[in-house]
Amino acid sequence: MDLRIFTEPQQGATYDTLLAVAKATEDLGFDAFFRSDHYLPMGSADGLPGPTDAWITLAGLARETQRIRLGTLMTAGTFRLPGVLAIQVAQVDQMSGGRVELGLGAGWFEEEHKAYGIPFPKEKFARLEEQLAIVTGLWATEPGKTFSHHGTYYDLTDSPALPKPAQAKVPVLIGGHGAVRTPRLAAQYADEFNMPFASIEDSERQFGRVRAVAEQAGRNGGDITYSNALVACVGKDDAEVARRAAAIGREVDELKANGLAGTPDEVVEKIGRYAAIGSRRIYFQILDLDDLDHLELISARVQSQLT
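Structural notes, computed from the coordinates. Values in this document were obtained by computation on a predicted structure and should not be read as measured data. (Residues numbered from 1 in each chain as written. Predicted model: local features only at pLDDT ≥ 70, side-chain atom pairs only at ≥ 80, totals over all residues. Heavy atoms only, no water.)

What follows is about the pattern of salt bridges. With the rule as written, the count across this model stands at 19 salt bridges. Between glutamate 266 and lysine 256 there is a salt bridge; the shortest N-O distance is 3.4 Å. Residue glutamate 266 is found in helix α10 (residues 264-276), and its partner lysine 256 is found in helix α9 (residues 252-258); the two are separated by ten residues along the sequence. Exposure remark for glutamate 266: the relative accessible area of 33% places this residue in the partly exposed category. With relative accessibility at 31%, the residue lysine 256 sits in the partly exposed group. Here the salt bridges do not stand alone but share partners, grouping Lys236, Glu240, Arg243, Arg244 and Asp291 into one network. (Salt bridge = Lys/Arg side-chain N within 4 Å of Asp/Glu carboxyl O. Helix = DSSP H or I, 4+ residues; strand = E, 2+ residues; numbered from the N terminus. Buried < 20%, exposed > 50% of the residue type's maximum accessible area, 1.4 Å probe, protein only.)

See the structure below:
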């Protein structure tokens, strides 16, 4: 079971805060540091001092870490043109020595688009499908050859398809709860399929859909890595769990029902239930980014039992 740290900087974080969390992620033996891609806070958070850009953040971390994987859950397809995104991700992959992974989604948070003047198109999923074809097509084009794409939403003619990532293939993550189009897209493009904030039952159902569609398309469904992202609130005892829950404005019972909350042994047991339905990677959503002791506890008392 790979254990990864997943942050939500739009709720309020500086680059220096994210750097401290990323370095702790590396020092404590976690597999990867991921972040969301949003420009407005959600809920009651004030978001101060303001948003940080996902790929600028990852470019900085690429030079200041050595081992951990770096990526997004998920880059919003509405934020970037696919040709530009392919360049950005390839460059950050080079800067990291081949440690980048691209989670790409359609985009959904309309308010942040209005706030920063970003178009919010109606046909987001169809655009996402073209974006995946373009980004992966540019990377796969042999050096010296060109790439063209003439679609409904994007038109590329004789692109040199440069630069190339350091990796022969940048892992692509697709995720979501959609019952029809999401599994089809995952079967075609995903190296990893992620279920965010989902129950064991819903995850098992969606993993099964992705496997079935992949098999129908002639692909081994077992070649896809299945993962979950879940909010984390771990404490050495009930009092510490309650303190951490209060710090992020959540109730302990709700966190235990919907996330990975409780003592280390309770969290290990729940992760085991996700593992039993095929999940091979867990993203701990860490909402209090100043509480590095939380990461130390998860490493010492949860990760140690699972790796």
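Once the structure has been displayed, the description carries forward.
Looking now at the pairing of strand β1 (residues 2-7). Among the six residues of β1, five are classified as buried, and the element is accordingly described as predominantly covered. Judged from the six bridges that link them, β1 and strand β12 (residues 281-286) form a sheet pairing that is parallel. Each residue of the ladder has a partner; that of leucine 3, found in β12, is isoleucine 282. Strand direction decides the pairing type here: β1 and strand β2 (residues 32-35), joined by four bridges, are parallel. Looking at the pairing, threonine 7 lines up with arginine 35 of β2. In this fold, the crossover linking β1 to β2 by way of helix α1 (residues 15-27) has right-handed handedness. (Pairing = 2+ DSSP bridges. Right-handed = clockwise from strand over helix to strand, strands pointing away.)

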